[in-house]
Amino acid sequence: MSGVRGRQAPIVMVIDFHHARGPEIELCIGEEDIDIVAKNDWSLLPFMALSDGAHASTEEFSYFTLRKKETETAPATSLFGIACSRQLDSNLLINRPADVTRSTVQKAVVVITDTPQSVGQLREKLSVVTSAWFAQRDFSDIDILKKFREGLIISWEQNEASKDQNLGLSLREMIHEFKYQTLVLFKALLLQPKMLFFGSRCERLCMIQFSLISLIPGLINSLQDCADPAADSYAQTVGKPTSLKTSDRASLLAYMGLPLQIFGKGSMFGPYTPLQQLDLLADHGTKSYVVGSTNSLLLQQKDRYSDILINLDEDVITISSPSLRSALVLSAADRRWIDLLTQIINDTWDESHPQRPKDHGYMGSEEFIRLQFEEYLLALLASMKYHEELHSFSSGESGQRSRAQLEAYNIEGDPALDFNPDFLAHWQTTSNYALFKRLTSDALLFSIVEPRHPCAGGLTIEDVQRRLSQQVAELHLDERVREGREALNRHLATGQKKVSAAFNSFWADIEAMREAQRKRNEERALQSQRSSMDQPRPSLDTASVTSATGSWFGGRKAPAVDIAQAQASVNAVSQKAGAYLSSWSSWASEKRKEWQEKKPTPSSPSSVTSPSTPTLSSIVEGDDSERGRRRSMQQQRQSEDSSATLSRSGSRRKRWSNILLRRESGDFGLPNAKEDGSPDSSEQDQPYPKSPLSRGTSVGEDDVAQSTQPKFIDPSTQSPVEKEPETFIITDIVEKQQPADEKLAEESGSHRSSDKAPSASAEPAPPSTSTSNSN
């Protein structure tokens, strides 16, 4: 189907990626009688349709430009293509061709049209058709593609008069991402540098460029020369407006010199530019361009291929030219204007639908943004025109308006200075400004549009506050504080868990150690019990005392105790104590007898006392006590045969028993008798006083003698002294044992005749208080 009114009808193509030949045109649904691809030399079309990295996505879109050569009926122009590429597993194909050797099949459906006005609508339709065609799993069936082209032609004819369709070109997203740098890109576009856009997503890369050029009113409808730097048909054919209709927006824009021809001679526009076109970019005739690439190789050569690099993956703008950097510095009025616009976008931002305001109002909408930039551009054009008039008047050029004529407009100062003088000076050197100046040479633009910056004025405190608030908002402090708080809480929780786990593990280790120690102690106790049961029971002299099981000192060995030796020591001590008490009793008795003999001898035979028995109250009492004492001595002698240390005590008891036996037989004489047996007359003449023990006591009066308190007579003072408790104890024992000792006395009577009278020198010595004999 031929073009309508010199225009090119939509063309549908299929681009296939061949494993050996690379991308190639597989199918073209268009003018059947003309091979448009060969005629226009579109050899790079397959590389434009299948972008670098398209295989990494399920669905990817690519936008590009093509140059159509002139024909007999139409001049040379630029065409715009949009491609939708997808992939399919080759095993799922119903009719698999023989040349399909890879695991996946990658194809792209391309639509070529002569205007980019309906790029947004075209994108949605192309996505649906491509998905349906791939769902058939049979690429030989192309009926759906033919019907798709027929529908595009019908829509193209009906919407021919509509020129302002910009759906899909989201300005809100661009301002939301780039903020004040959006105005930097807009002013850079007017300066016509080499602008290179880079991004890993091809669709986003291309749409940002379309959005940027759509900010210049009417430019998206005047891109017939953008595909080839050598094309310059617009500048050759455009005419100077001769009339103005203020009620007609198109007439007003044309009178103001719009659209500014950014892509004229020496410039090109390629939303997606493959590496095969780098030669065209580096050509000497290519002075400026706006291109995009998804290949990171261009980042390594950014100084060669770009004056401004816009990295969309990092949202960073890099200006390599120093002169261009100073020209693109925003003035205070520029920054105030873009900050206000950015604030409106942020206030109406909707994450779920970024293309429209959240309140569905006019403020912040796409149309609102375009009109704001249009107002800004018109003010710039009017101020620039007034700036030229002031410059020509100051230079004294002829043919210009007089001072009085300029003062009649009541314009204060030079309003163009609010747009940055460096920018104005750089802009005046571009080709689009030369075309603007030629089209508006005689027009008084500052008389139609006020030559004043939309936000004219110096820096105010409101500007500082607004800029600070935006910078703080850009830091995302709330989000960072929230993230930091969440991270801190996570770290605290993790640390608490780690500490708890470590403490629990430590406590479990302690418990395990204690349990193991307890088990070892139990096993050790069981083993000791078993060994004690298996072995013969040890004697008392080899037994040992062990410490309690589980004690801290359980490992220490208890000292061995000889039980037999201990008992022998106890018996020896008890025997020595008894011997000591017996010797003391004997000594006391002897002393008492001596004291009684020194007293006068009583007339009654029953009251005669012996000086060797001072503790006895009568002879009968002494006989009875002596019998009990002798019996106890004999028993002690039998128990002390094994002890050599008691020999001295035994001899004393033997002598004492002889004395008692002789006294009973009447052979016991006075202690002071002479050797011939006659007593000392001096001592006989002076009888001793009767002892208190025998005073008033007769033989057989045991109860009276027992009730009388015995006392000692001190020889020096002749006064009675109370008897010591040991004497009473011994006397009581003797008296209690008197009935039992009568038989012993009778048995000892047969031996009296053999006993000899002891001499006075045989008097027993008093018991020593030292421990040498007792021990």
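Here, every reference points to the structure presented above.
It should be emphasised that the depicted structure is a prediction, and the values quoted were computed from it without experimental measurement. Every chain's residues receive numbers from 1 upward, in the order its sequence appears when written. Two thresholds apply to this predicted model, a pLDDT of at least 70 for residue-level local features and 80 or more for giving and counting side-chain atom pairs, whereas whole-chain, interface and lining totals are computed over all residues. By convention in this description, side-chain values take in all heavy atoms of the structure and omit both hydrogens and water.

**Q** Tell me about the overall build of the chain, residues and numbers included.
**A** To qualify as a helix, a DSSP run of H or I must reach at least 4 residues; to qualify as a strand, a run of E must reach at least 2; elements of each kind are numbered from the N terminus. Counting its regular elements, the chain contains 29 helices and 12 strands. By definition, residues are in contact when any of their heavy atoms lie within 4.5 Å. Taking the contacts inside the chain whose residues are at least 6 apart along the sequence as the reference set, 71% of them involve residues at least 24 apart. The Shrake-Rupley method, run with a 1.4 Å probe sphere, supplies the accessible areas, and residue values consider only the shown protein chains as cover. As displayed, the chain has an accessible area near 41500 Å², and 52% of this comes from carbon and sulfur atoms.

**Q** Report on the nonpolar core, specifying residues and quantitative values.
**A** Inside soluble globular proteins, nonpolar side chains tend to come together where they are buried. Within the largest apolar cluster, 100 residues are counted, with the highest numbers of intra-cluster contacts made by Leu190 and Trp427. When residues in this core are grouped by element, the largest group, 11 residues, is from helix 15 (residues 366-395). For this core, the domains that each give at least three residues are domain 1 (11-158) and domain 2 (171-475). With residues near it in sequence (within four places) discarded, leucine 190 still touches Ile216, Leu260, Ile262, Leu377, Leu380, Phe423, Trp427, Thr430 and Asn432. Side-chain atoms within 4.5 Å link the members of a nonpolar core, which is a set of buried Ala, Val, Leu, Ile, Met, Phe, Trp, Tyr and Cys residues. Note on classification: 1.4 Å probe, protein chains only; a residue is buried when its accessible area is under 20% of the maximum for its type, exposed when over 50%, partly exposed between these limits. In terms of nonpolar packing, the next biggest core, distinct from the first, is built from 17 residues, Trp42, Ala49, Leu50 and Phe64 among them. Start and end points for every domain follow an automatic or database-based domain assignment.

**Q** Break down the side chain of asparagine 432 for me, with residues and values.
**A** Inspection of the secondary structure puts asparagine 432 in helix 18 (residues 431-439). Residue asparagine 432 is classed as buried on the basis of its relative accessible area, which comes to 1%. Nitrogen and oxygen atoms within 3.5 Å of one another constitute a polar contact, given that in protein one can donate a hydrogen and the other can accept it, and given that sequence-neighbouring residues count only through two side-chain atoms. Within polar-contact distance, the side chain of asparagine 432 engages the backbone oxygen of leucine 190 at 2.8 Å. Apart from the residues within four sequence positions on either side, asparagine 432 is in contact with Leu190, Gln192, Leu260, Gln261, Ile262 and Trp427.

**Q** Run through the packing of aromatic side chains, naming residues and quoting values.
**A** Classification of ring pairs uses Phe, Tyr and Trp, with its six-membered ring standing for Trp, and accepts pairs whose centres are within 6.5 Å; under 30 degrees between planes counts as stacked, over 60 as edge-to-face, and the remaining range as tilted. Within the structure shown, the criterion is met by 19 aromatic pairs. Through a chain of ring-to-ring contacts, three or more aromatic side chains come together here, namely Phe186, Trp337, Phe373, Tyr376 and Phe419. Note on geometry: a ring has a charge over it if NZ (lysine) or CZ (arginine) is within 6 Å of the ring centre and within 35 degrees of the ring normal. One cation-aromatic arrangement involves lysine 187 over phenylalanine 423; the distance from NZ or CZ to the ring centre is 4.3 Å. Positioned above the aromatic ring of tyrosine 180, the side-chain terminus of arginine 335 is 4.1 Å from the ring centre.

**Q** Can you explain helix 6 (residues 181-191)? Please cite residues and give values.
**A** Within helix 6, 11 of the 11 residues are buried, which leaves it mostly tucked inside the rest of the structure. Along helix 6, the positions that sit buried rather than exposed are Gln181, Thr182, Leu183, Val184, Leu185, Phe186, Lys187, Ala188, Leu189, Leu190 and Leu191. Glutamine 192 sits one or two residues past helix 6 and shows a positive phi near 55°.

**Q** Before we move on, could you go through the packing of helix 5 (residues 171-178) against helix 14 (residues 332-347) and cite the residues and values that matter?
**A** Fitted lines through C-alpha atoms give the axes, limited to the stretch in contact for helices. The angle between two N-to-C directions lies from 0 to 180 degrees. With their axes 10 Å apart at the nearest point, helix 5 and helix 14 run at an angle of 110° to one another. On the basis of the axis angle, helix 5 is roughly perpendicular to helix 14. Helix-helix and strand crossings are classified by hand; for helix 5 and helix 14 the assignment is left-handed. Judged by residue contacts, Arg172, Ile175 and His176 of helix 5 engage Leu341, Thr342, Ile345 and Asn346 from helix 14. Residue classes in the contact of helix 5 with helix 14 are distributed as three nonpolar, three polar and one charged. Throughout, the term roughly parallel applies to angles under 35 degrees, roughly antiparallel to angles over 145, roughly perpendicular to angles from 65 to 115, and oblique to all others. Crossing handedness follows the turn of the near helix against the far one: under a right angle anticlockwise gives a left-handed crossing, and clockwise gives a right-handed one. Each residue is assigned to one class: nonpolar for Ala, Val, Leu, Ile, Met, Phe, Trp, Tyr, Cys and Pro, charged for Asp, Glu, Lys and Arg, and polar for all the others, Gly among them.

**Q** Can you explain the packing of helix 5 against helix 7 (residues 202-213)? Please cite residues and give values.
**A** Their axes nearest at 9 Å, the elements helix 5 and helix 7 cross at an angle of 100°. Relative to helix 7, helix 5 is oriented roughly perpendicular. For the pair helix 5 and helix 7, the contacting residues are Leu171, Met174 and Glu177 in the first and Arg204, Ile208, Ser211 and Leu212 in the second. Classifying every residue of the contact of helix 5 with helix 7 by side-chain character gives four nonpolar, one polar and two charged.

**Q** Can you break down the pairing of strand 2 (residues 22-29) residue by residue, with the values?
**A** Examined bridge by bridge, strand 1 (residues 11-18) and strand 2 share seven bridges and lie antiparallel to one another. Considered in strand 2, the bridge of phenylalanine 17 is made with proline 23. A loop of three residues connects strand 1 with strand 2, the two strands running antiparallel in sequence. At least two bridges found by DSSP between two strands are what make those strands a pair.

**Q** If you had to explain the layout of surface pockets to someone new, which residues and values would you point to?
**A** For the second largest pocket, the calculated volume is near 630 Å³. Every residue lining the second largest pocket is counted, 34 residues in all, and those nearest its centre are Asp16, Phe17, His18, His19 and Gln106. Those elements that provide at least two residues to the lining of the second largest pocket are strand 1, strand 2 and strand 5 (104-113). Examining the composition of the lining of the second largest pocket, we find that four residues originate from one element, strand 5, more than from any other. Tallied by class, residues from the lining of the second largest pocket come to 13 nonpolar, 12 polar and nine charged. Three or more residues apiece are contributed to the lining of the second largest pocket by two domains, here domain 1 (11-158) and domain 2 (171-475). Here the term cavity refers to a set of points on a 1 Å grid, laid over the protein atoms alone, in which a 1.4 Å probe fits but cannot get out; the term pocket refers to an open set having protein on both sides within 12 Å along at least five of seven lines, with lining residues being those that place an atom within 4 Å of a point. Grid points are joined across faces, edges and corners, and a volume is the space filled by probe spheres set on the points.

**Q** Run through unusual backbone geometry, naming residues and quoting values.
**A** Note that the residue after leucine 258, namely proline 259, is joined by a cis bond; omega there is 0°. Its place among the elements puts proline 259 in the loop between helix 9 (249-255) and strand 7 (267-270). Although it is not a glycine, aspartate 41 adopts a positive phi angle of roughly 55°. Note that aspartate 41 resides in the loop between helix 1 (36-40) and helix 2 (45-49). Unusually for a residue other than glycine, histidine 360 sits at a positive phi of about 55°. Position of histidine 360 relative to the elements: it lies in the loop between helix 14 and helix 15.

**Q** Tell me about the sheet that holds strand 1, and please be specific about residues and values.
**A** The antiparallel open sheet is built from five strands, whose spatial order is 2-1-5-4-3. Unpaired on one side and paired on the other, strand 2 and strand 3 (59-68) mark the two borders of the sheet. Between one strand and the next, the sheet's axes are offset by a mean angle of 25°, whatever the strand orientation. Pairing of strand 4 (residues 77-89) with strand 5, which is carried by 10 bridges, proceeds in the antiparallel orientation. Considered in strand 5, the bridge of glycine 81 is made with isoleucine 112. Across the sheet, helix 3 (residues 119-135) is in contact with strand 1, strand 3, strand 4 and strand 5; its angle to strand 4 comes to roughly 30°. Packing against the sheet, helix 4 (residues 143-158) makes contact with strand 1, strand 2 and strand 5, and its axis sits at approximately 145° to strand 1.

**Q** Account for the pairing of strand 6 (residues 194-198), naming residues and giving values.
**A** Judged by how many residues are buried, strand 6 sits mostly within the fold: four of five residues are covered. Sheet analysis places strand 6 next to strand 9 (residues 308-311), joined by four bridges and oriented parallel. By the bridge assignment for strand 9, leucine 196 is matched with leucine 309.

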